[in-house]
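Summary of the model geometry
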Amino acid sequence: MSGYLSGLMGFDPGRGLYLDIGNSRITIAEPGADSSLNAVDEPSSQAAHTELPADTADTADNAHHKYTKNSDDSSHSASSTAVPKHWTILESIPVSSPISQSAAKLVRLLQNQPPDRPIIAATVRRDIEHELSASLPDRIHWIGRTSFRSFIATYETPDTLGLDRILTAWGAWLQYRQSAVIIDCGTACTIDAVVATTPDSPTSSGHKLTSSEHQPTSSEYQPTSSEYQPITNSATFAGGVIMPGIHTLHEALRNATPELPGVPLSIPQTFPGKSTQSCLEWGINGLFTDGVLAHIQRYRSWLGDIPVLLTGGDAELLSNWLSGFGVMGLITDPYLIYKGMSQLPEHL
């Protein structure tokens, strides 16, 4: 389709406007300080900006220094442009029915942008892409999978691999330059891995589980800087897991058992549950956290004690639950997908 990153070679990522078009929400972001978009005949909504705690060691800013070496040491890093670390979510638009309503609002917002400002978009919704392309022909640069052929080379069905998973993993590699688990917590929860390519690194083609790894036990994770793989020239998307997100689990049980009480997003301090509500909390929230934890432990049995990067709408919630279960090495970075969009492999 026309517009796929045509004319973007060597563009300044700091000038771009970035669209993440998901299944249920469209977010618009830009690098740098807080600002807002001005819609035509419609005020912009309050920026849905996620603040990172300034005094927490495992935030994205601090973890970049904690878990990596200087990216200038890598021939894989860009020589003229850097990946922006600070981002602002300018707008968050729910995907409504009919689709034309969401697309029309987005078009009004984008029409206000300077004509020379690059607009870069990634979508899992082809219907919205078609609406925008018809309304703004050749204005939006759509990211496709073809830029990532080498990065996703070991994935057996690349045509069905979600672009959001690719970009989030690629953003994790650009920011941290080492093997990592990437958890994107949304309507679906994906738990993927990016594997740094070194002569002695584990193969990215996969890991055969032993019988004990099918039933993982608690991790004795004690991170030190020397445990992490050094920055290397390349990395590979190693595949992952797709499971229901926490709100999807809640909705499924609510629809199937309407007589049960509502379930808060919390996990009781004591086990087992002693009330119907606490039993449900363990059965949904505890189940979800246990499932994520099991996959983290499988990855670490294969790749070592690599960091776990959490992104998406429920990243902070899951980070708190995993921390309560004793998991260490967690980094919350809500902007991984935009970092991945800001510098594609062909631009390096």
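The coordinates are above.
Analysis parameters
- Residues numbered from 1 in each chain as written.
- Predicted model: local features only at pLDDT ≥ 70, side-chain atom pairs only at ≥ 80, totals over all residues.
- Heavy atoms only, no water.
- Helix = DSSP H or I, 4+ residues; strand = E, 2+ residues; numbered from the N terminus.
- Expected span 1.5 Å × (residues − 1).
- Bend = angle between axes of the 7 residues up to and from the residue.
- Buried < 20%, exposed > 50% of the residue type's maximum accessible area, 1.4 Å probe, protein only.
- Pairing = 2+ DSSP bridges.
- Contact = heavy atoms within 4.5 Å.
- Axes fitted to C-alpha atoms, helices over the stretch in contact; angles between N-to-C directions.
- Parallel < 35°, antiparallel > 145°, perpendicular 65-115°, else oblique.
- Phe/Tyr/Trp six-rings, centres within 6.5 Å; stacked < 30°, edge-to-face > 60°.

Let's shift gears to helix α6 (residues 276-303). Taking 1.5 Å as the rise per residue, α6 with 28 residues should run 40 Å; its terminal C-alpha atoms sit 40 Å apart, in good agreement. The principal kink in α6, of about 35 degrees, is found at G286. Along α6, 20 of the 28 residues are buried, which leaves the element largely enclosed by surrounding structure. The first or second residue beyond α6 is G304, which carries a positive phi of 90 degrees.

Attention now moves to the pairing of strand β3 (residues 87-94). Of all eight residues in β3, seven are buried; the element is thus mostly enclosed. Across seven bridges, the pairing between strand β2 (residues 25-31) and β3 is antiparallel. The partner of I28 across the bridge, within β3, is E91.

Looking now at the environment of G22. Along the polypeptide, G22 turns up in the loop between β1 (17-21) and β2. A residue is classified by how much of its surface remains accessible, and G22, at 17% relative accessible area, is buried. Counting along the chain gives 73 residues from G22 to V95, while the straight-line C-alpha distance between them is 8.3 Å. With sequence-adjacent residues up to four places away left out, G22 is seen in contact with V95, V124 and R125.

Following both chains from N to C, one finds α6 and helix α7 (residues 315-324) inclined at 75 degrees, their axes separated by 10 Å at the closest point. Judged on the interaxial angle alone, α7 and α6 are roughly perpendicular. Of the residues in α7, those in contact with N285, F288, T289, V292, L293 and I296 of α6 are L318, W321 and L322.

It is worth spelling out the sheet that holds strand β5 (residues 140-142) at this point. Strand order in the open sheet formed by five strands is β3-β2-β1-β4-β5, with mixed pairing between adjacent strands. Looking at strand neighbours, the two that pair on one side only are β3 and β5, the edges of this open sheet. Along the sheet, successive strands turn relative to each other by an average axial angle of 25 degrees, direction set aside. Seen against the sheet, helix α2 (residues 99-111) touches β1, β2, β3, β4 (119-123) and β5 and runs at an angle of roughly 145 degrees to β3.

Read from one edge of the open sheet, five strands run β8-β7-β6-β9-β10, paired in mixed fashion. Where the open sheet ends on each side, the last strands, each with one partner, are β8 (234-244) and β10 (330-332). Each adjacent strand pair in this sheet contributes to an overall mean axis angle of 20 degrees, direction not counted. In this sheet, strand β9 (residues 308-311) lies alongside strand β6 (residues 180-185) in parallel orientation, the contact comprising four bridges. Bridge pairing in β9 links V181 to V308. Against the sheet, α6 engages β6, β7 (188-197), β8 and β9, with an angle of about 10 degrees to β7. Against the sheet, α7 makes contact with β6, β9 and β10, and its axis sits at roughly 165 degrees relative to β10, the strand it touches most.

This brings us to the packing of aromatic side chains. Using the criterion set out here, one finds 10 aromatic pairs in the structure. Measuring from centroid to centroid gives 5.0 Å for Y18 and W87, while their planes differ by 75 degrees, and the two rings are edge-to-face. Residue Y18 is located in strand β1, and its partner W87 is located in strand β3; the two are separated by 69 residues in the primary sequence. Judged by relative accessible area, which is 2%, W87 ranks as buried. Plain terms: the ring middles of F151 and W170 are 5.1 Å apart, the flat faces sit at 70 degrees to each other, and that makes the pair edge-to-face. Of this pair, F151 sits in the loop between β5 and α4 (163-176) while W170 sits in helix α4, and the two are 19 residues apart along the sequence. For F151, a relative accessible area of 3% gives the class buried. The structure contains a cluster of three or more aromatic residues connected by ring pairs, namely F148, F151, Y155, W170 and F237.

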